Amino acid sequence: MPLFGGFSDSEDETTMYQQTKLFNRQRSLHSIFGGGKVADILLWREPKIAATLVIGVSLLWFLMEVVEYNFITLVCHASMTSMLLFFIWSTASDFLNWERPIIPEVVLDESSFKELATGFHDRFNEILSKLLDLACGRDPPLFFLTTISLYILSIIGTYFNFMNLLFIGFVSMQTLPVMYEMYEDDVDRVASKFMRKMRKLYRKVDSNVLSKIPRGTVKSKKHA
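Residues numbered from 1 in each chain as written. Predicted model: local features only at pLDDT ≥ 70, side-chain atom pairs only at ≥ 80, totals over all residues. Heavy atoms only, no water.

1. Comments concerning the packing of helix H4 (residues 47-66) against helix H8 (residues 162-182)
Worth spelling out the cut-off: A fitted line through C-alpha atoms serves as each axis, taken over the contacting stretch for helices, and the angle formed by two N-to-C directions is quoted from 0 to 180°. In this description a helix means any DSSP run of H or I spanning at least four residues, a strand means any run of E spanning at least two, and both kinds are numbered starting from the N terminus. By definition in this entry, angles of less than 35 degrees are roughly parallel, angles greater than 145 are roughly antiparallel, angles of 65 to 115 are roughly perpendicular, and the rest are oblique. Definitions for this section: a left-handed crossing has its near helix turned counterclockwise from the far helix by less than a right angle. A right-handed crossing has that turn clockwise. Only heavy atoms enter the contact rule, under which two residues are in contact if any of them lie within 4.5 Å. Following the grouping adopted for this structure description, the nonpolar residues are Ala, Val, Leu, Ile, Met, Phe, Trp, Tyr, Cys and Pro, the charged ones are Asp, Glu, Lys and Arg, and the polar ones are all others, Gly among them.
Running from N to C, H4 and H8 cross one another at 165 degrees; their axes reach a closest spacing of 11 Å. With respect to each other, H4 and H8 are oriented roughly antiparallel. As for the relative orientation of H4 and H8, their crossing is left-handed in sense. For the pair H4 and H8, the contacting residues are Ala-50, Leu-53, Val-54, Val-57, Ser-58, Leu-60, Trp-61, Met-64 and Glu-65 in the first and Met-163, Asn-164, Phe-167, Phe-170 and Gln-174 in the second. Class assignment of the residues belonging to the contact of H4 with H8 gives a composition of ten nonpolar, three polar and one charged.

Written as structure tokens, this is what we have:
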């Protein structure tokens, strides 16, 4: 008897030509990312902001990993350079009739931080809930695929330091979603074929190995 149900030959026949969304999602990619400003940046609906973020983070990574700047030294040098430029600008504006620099009272809006924190909180809870759901064995092929992916990620982590992993993760978040949105149909078609092959492989392992593992019966306790 199979340890996990839900995957029959008749189901594969009915879904053979049925294309499903990646990870069986029902919502659009934009709504999954929160549907706000963060989603617009990740999907390049705000190209100027997205490009500025990519260039800024890439420059920061270059200075810290290639030039080997210390983080505190980099922050101090950037602060000194900015203060010096503003000082020269303010001083020269009195002699050259330039417009003095306008310093806004609020540089970063509070709502932006709240939206970013809320979006991160929602995505983290969604990912954690999905992982716990997979751990309960409700989707065995996806469980094994996730386990293999985490194992590969752990191997990759041994060859990169934390800063490089953060940079790779950021670049992936800024490129993979928008690339998937552009080629969504092709990716979903390939993913559907791959998931069908994983289900067939799991059924073979289940019938030839897992179902033959002896399992003891649970005895109920008798209460006096």
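So, next bit.
2. Focus on unusual backbone geometry
Even without glycine at this site, Trp-44 takes up a positive phi of about 60 degrees. We note that Glu-68 has phi near 60 degrees; this positive angle belongs to a residue other than glycine. Position of Glu-68 relative to the elements: it lies in the loop between H4 and helix H5 (71-96).

3. Notes on the nonpolar core
If you look at soluble globular proteins, the nonpolar side chains tend to sit buried side by side. The line we're drawing: The set of buried Ala, Val, Leu, Ile, Met, Phe, Trp, Tyr and Cys residues whose side-chain atoms join them within 4.5 Å is what this entry labels a nonpolar core. Remark: exposure states derive from per-residue accessible area (1.4 Å probe, protein chains only) relative to the maximum for the residue type, with buried under 20%, exposed over 50%, and partly exposed in between.
In terms of nonpolar packing, the biggest core is built from six residues, these being Leu-29, Phe-33, Ala-39, Leu-42, Leu-43 and Tyr-180. Look past the residues within four positions of Ala-39 in its chain and what remains in contact with it is His-30 and Phe-33.

4. Description of H8
What counts, and what does not: One less than the number of residues in a helix, times 1.5 Å, gives the span that helix is expected to have. Values of bend correspond, residue by residue, to the angle between axes fitted over the seven residues ending at that residue and the seven starting there. For the purposes of these results, a polar contact is taken to be a pair of N or O atoms within 3.5 Å, where, inside protein, one atom must be able to donate a hydrogen and its partner to accept one; residues adjacent in sequence count only when each atom of the pair is a side-chain atom.
With 21 residues, H8 extends 30 Å between its outermost C-alpha atoms, agreeing within 8% with the 30 Å of an ideal straight helix rising 1.5 Å per residue. For H8, the principal kink sits at Ser-172 and spans about 30 degrees. Considering only its buried residues, H8 is in contact with helix H2 (29-32), helix H3 (37-42), H4 and helix H9 (184-208). You can read the cap of H8 off the contacts: a side-chain oxygen lies 3.3 Å from the backbone nitrogen of Met-163, and it is on Asn-161.

5. Considerations on a nonpolar patch on the surface
Threshold: The patches reported here contain residues having more than 30% relative accessible area and no salt bridge. Joining distances are 9 Å for like charges and 5 Å for nonpolar side chains (Val, Leu, Ile, Met, Phe, Trp, Tyr). Every accessible area reported is derived by Shrake-Rupley at a probe size of 1.4 Å, with residue values counting cover from the shown protein chains alone. Salt bridge, as used here, is a side-chain nitrogen of Lys or Arg placed within 4 Å of a carboxyl oxygen of Asp or Glu.
Residues Ile-148, Leu-150, Tyr-151, Ile-152, Leu-153, Ile-155, Ile-156, Tyr-159, Phe-160, Leu-165 and Ile-168 make up a contiguous nonpolar surface patch of roughly 1,100 Å² in combined accessible area. For the nonpolar patch, the elements supplying multiple residues, two or more each, are helix H7 (140-157) and H8. Counting residues per element, the nonpolar patch draws most heavily on H7, which supplies seven residues. One can find Ile-155 in helix H7.

6. Considerations on the packing of H8 against H9
Contact geometry of H8 with H9 gives a least axis separation of 5 Å together with a crossing angle of 90 degrees. In this view, H8 runs roughly perpendicular relative to H9, as classed from their interaxial angle. Contact with H8, carried on its side by Tyr-180, Glu-181 and Met-182, involves Glu-184, Val-187 and Asp-188 of H9 and no other residues of that element. Per-class residue counts for the contact of H8 with H9 are three nonpolar, no polar and three charged.

7. With respect to the side chain of Asn-164
Along the chain, Asn-164 turns up in helix H8. Take Asn-164: its relative accessible area is 16%, and that puts it in the buried class. Among the polar contacts made by the side chain of Asn-164, one reaches the side chain of Trp-61 at a distance of 2.7 Å. Beyond its immediate chain neighbours, meaning those up to four positions away, Asn-164 contacts Trp-61 and Glu-65.

8. Structural notes on a positive patch on the surface
Here is the rule we go by: When charges are counted, neither His nor the chain ends are considered; positive counts come from Lys and Arg and negative counts from Asp and Glu. Each charge is placed at NZ for Lys, CZ for Arg, CG for Asp and CD for Glu.
A surface patch of like charges, here positive, comprises Lys-193, Lys-197, Lys-200 and Lys-204. With respect to the helices and strands, the residue Lys-193 is situated in helix H9.

9. As for the pattern of salt bridges
Taken as a whole, this structure holds two salt bridges when the rule is applied. Across the salt bridge formed by Glu-181 and Arg-45, the nearest N and O atoms sit 2.7 Å from each other. Of this pair, Glu-181 sits in helix H8 while Arg-45 is found in the loop between H3 and H4, placing the two residues 136 residues apart along the sequence. By relative accessible area, Arg-45 is classed as partly exposed at 42%. Of the charged contacts in the structure, one is a salt bridge between Arg-189 and Asp-186, with a shortest N-O distance of 2.6 Å. Within this pair, Arg-189 and its partner Asp-186 are both found in helix H9, separated by three residues, close to a single helical turn. For Arg-189, a relative accessible area of 37% translates into the label partly exposed. Its relative accessible area of 39% is what places Asp-186 among the partly exposed residues.

Purely geometric stuff here, so don't read any function into it on its own.
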